[in-house]
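Observations on chain architecture
What follows is the residue order along each chain.
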Amino acid sequence: MTLTLVQAWTRAKSRLEAAGLAGPVIDARLLVEAAADATRADIVTDPHRELTPDQEARLDGFLARRVAREPVSHILGRKGFWKIMLHVTPDVLTPRPDTETVVEYALRDFPENAPWRILDLGVGSGAILLALLAERPAANGLGIEISEEALAVARDNAASLGLAGRLALLRGDWTAGLEGDAFDLVVANPPYIATEVIATLEPEVRDHEPRIALEGGADGLDHYRVLAPEILRVLKPGGRFAVEIGYDQKDAVEALFREAGAVFVQTIRDLADRDRVVAGEKKTLETVG
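The structure displayed is predicted, hence computed values, not measured ones. (Residues numbered from 1 in each chain as written. Predicted model: local features only at pLDDT ≥ 70, side-chain atom pairs only at ≥ 80, totals over all residues. Heavy atoms only, no water.)

1. Describing the overall build of the protein chain
Short version of the rule: Put simply, DSSP marks the helices as runs of H or I at least four residues long and the strands as runs of E at least two long, and each gets a number from the N terminus on. C-alpha atoms define the radius of gyration in this analysis, and the globule rule sets the expected value at 2.2 Å times the number of residues to the power 0.38. Per-residue accessibility, obtained with a 1.4 Å probe over protein chains only, is compared with the maximum for each type, and a residue is labelled buried under 20%, exposed over 50%, and partly exposed between these values. Whether two residues touch is decided by their heavy atoms; if any such pair falls within 4.5 Å, the residues are in contact. Surface accessibility follows the Shrake-Rupley procedure with a 1.4 Å probe radius. Residue values consider only the protein chains on display as shielding.
Looking only at helices and strands, one finds 11 helices and nine strands in the protein chain. Computed over its C-alpha atoms, the radius of gyration of the protein chain comes to 21 Å, within 12% of the 19 Å expected for a compact globule of 289 residues. Burial analysis of the protein chain (289 residues in total) assigns 51% to the buried set. Pairs at least 24 apart in sequence give 66% of the contacts found in the protein chain among residues at least 6 apart. For the protein chain, the exposed surface amounts to about 13,700 Å²; the carbon and sulfur share of it is 52%.

Okay, here's the thing in structure tokens:
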């Protein structure tokens, strides 16, 4: 019997629910849309449209991969973030709604036509930097990433979004080789999961995300120890920073930035009301008089 769109969605939901997966409704819809070359509107307005045999087979393949705990973003090769759609591969961290908190803070007090220079450390897929550049047409950016494979994904995303002319993407180790007092805004989502915790993560993360983008050392803070003084070094006086943190790292990361000389240090909560972003500023130049 040939399946209709609504039948395919219902069966897909049931299969994912039976496998004990979280969020089966949304996952099932996304997989049906991709397998059947349909849109969300199609499922609502044309629910009895029949899938072809090839589309049914494709959906079966997608569902088998999802039941095996492969992330939907890897199955589809894309993920929405902020207001943009990004190409995603297993070489980059899948962008998450939590990280939109960095973008939201960074856009505050960022004039629409300001020609700011933005630095994104550990640029990955390009999610944060590209979301910011899409919102601020006069800004330009630099993304640093240690993984050449991740840089290739970021370059692809920059090109597909028409933003390649406003950013440079370079392979590097955090801020090594960058000049001081150079950027108006620095953003980062560094690896912050403690080494021993990685084995306890959901299979979608533990088995499919790049470990280099997850692991933050014994206490999860290794990269912040390096980044705090370096971010302050490369910021212009009065420049701002925003870095993502783990939900229980607020006090430790705030302390590292204060010790490095940051001012107006604060922590912003995400939509789930968890501590998510430590932000602050570099002191402005003080005149002697």
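2. Details of the packing of aromatic side chains
Stated precisely, the cut-off is as follows: Each Phe, Tyr or Trp ring, with Trp reduced to its six-membered ring, pairs with another whose centre is within 6.5 Å; inter-plane angles below 30 degrees give stacked pairs, above 60 give edge-to-face pairs, and intermediate values give tilted ones. The criterion for a charge sitting over a ring is simple: Lys NZ or Arg CZ within 6 Å of the ring centre, and within 35 degrees of the ring normal.
Overall, the coordinates contain two aromatic pairs when judged by the stated rule. Plain terms: the ring middles of Phe110 and Trp116 are 4.0 Å apart, the flat faces sit at 20° to each other, and that makes the pair stacked. The residues Phe110 and Trp116 share a single accessibility class, namely buried. A centroid spacing of 4.3 Å and a plane angle of 15° characterise the contact between Phe241 and Phe257, whose relative ring orientation is stacked. Here Phe241, found in strand 7 (residues 235-244), pairs with Phe257, found in helix 11 (residues 250-259); they are 16 residues apart in sequence, far enough to count as distant. Take Phe241 and Phe257: they sit in the same class, and that class is buried. The residue whose ring lies beneath Lys13 is Trp9, and the NZ or CZ to ring-centre distance is 4.6 Å. Of note, Arg117 hangs over the ring of Phe183, and the distance from its end group to the ring centre comes to 4.6 Å.

3. Some thoughts on the sheet that holds strand 3 (residues 117-121)
Our working definition: For two strands to pair, DSSP has to find at least two bridges joining them. Helix axes are fitted to C-alpha atoms over the stretch in contact, other axes to C-alpha atoms as well, and angles between N-to-C directions run from 0 to 180 degrees.
Sheet architecture is open: seven strands sit in the order 5-4-3-6-7-9-8, paired in mixed fashion. If you trace the sheet from one side to the other, it starts and ends with strand 5 (167-171) and strand 8 (263-269), each paired once. Pairwise comparison of adjacent strand axes, ignoring direction, gives a mean angle of 15° for this sheet. Pairing of strand 4 (residues 140-145) with strand 5 involves five bridges; the strand directions are parallel.

4. A closer look at the environment of Leu132
Checked against the element boundaries, Leu132 lands in helix 7 (residues 127-135). Take Leu132: its relative accessible area is 0%, and that puts it in the buried class. For Leu132 and Lys83, which are 49 residues apart along the polypeptide, the C-alpha to C-alpha distance reads 9.9 Å. In contact with Leu132, other than residues within four places in its own chain, are Val103, Ala106, Leu107, Ile118, Leu185 and Val187.

5. Things to note about helix 1 (residues 5-18)
Residues spaced three or four apart along an α-helix face the same direction, because each turn holds 3.6 residues. The condition that has to hold: One less than the residue count of a helix, multiplied by 1.5 Å, gives the span that helix is expected to have. It is the directions from the helix axis to the C-beta atoms whose arc is reported.
Between its terminal C-alpha atoms helix 1 stretches 20 Å, which fits the 20 Å expected from 14 residues at 1.5 Å a residue. All of the buried residues in helix 1 are Leu5, Ala8, Trp9, Ala12 and Leu16. The buried residues of helix 1 occupy an angular sector of 100° when the element is viewed end-on, so they sit on one face. Facing away from the buried side of helix 1 by over 90 degrees, the exposed positions are Arg11 and Ala18. Against the buried residues of helix 1 lie helix 2 (24-35), helix 3 (40-45) and helix 4 (53-67). Downstream of helix 1 by a residue or two, Gly20 has a phi angle that is positive, lying close to 75°.

6. A word on the pairing of strand 6 (residues 183-188)
Counting buried residues along strand 6, six of its six residues qualify, which places the element largely inside the surrounding structure. Note: strand 3 against strand 6, four bridges, orientation parallel. By the bridge assignment for strand 6, Leu119 is matched with Val186. By the bridge criterion, five bridges tie strand 6 to strand 7 in an arrangement that is parallel. Bridge pairing in strand 7 links Val187 to Ala242.

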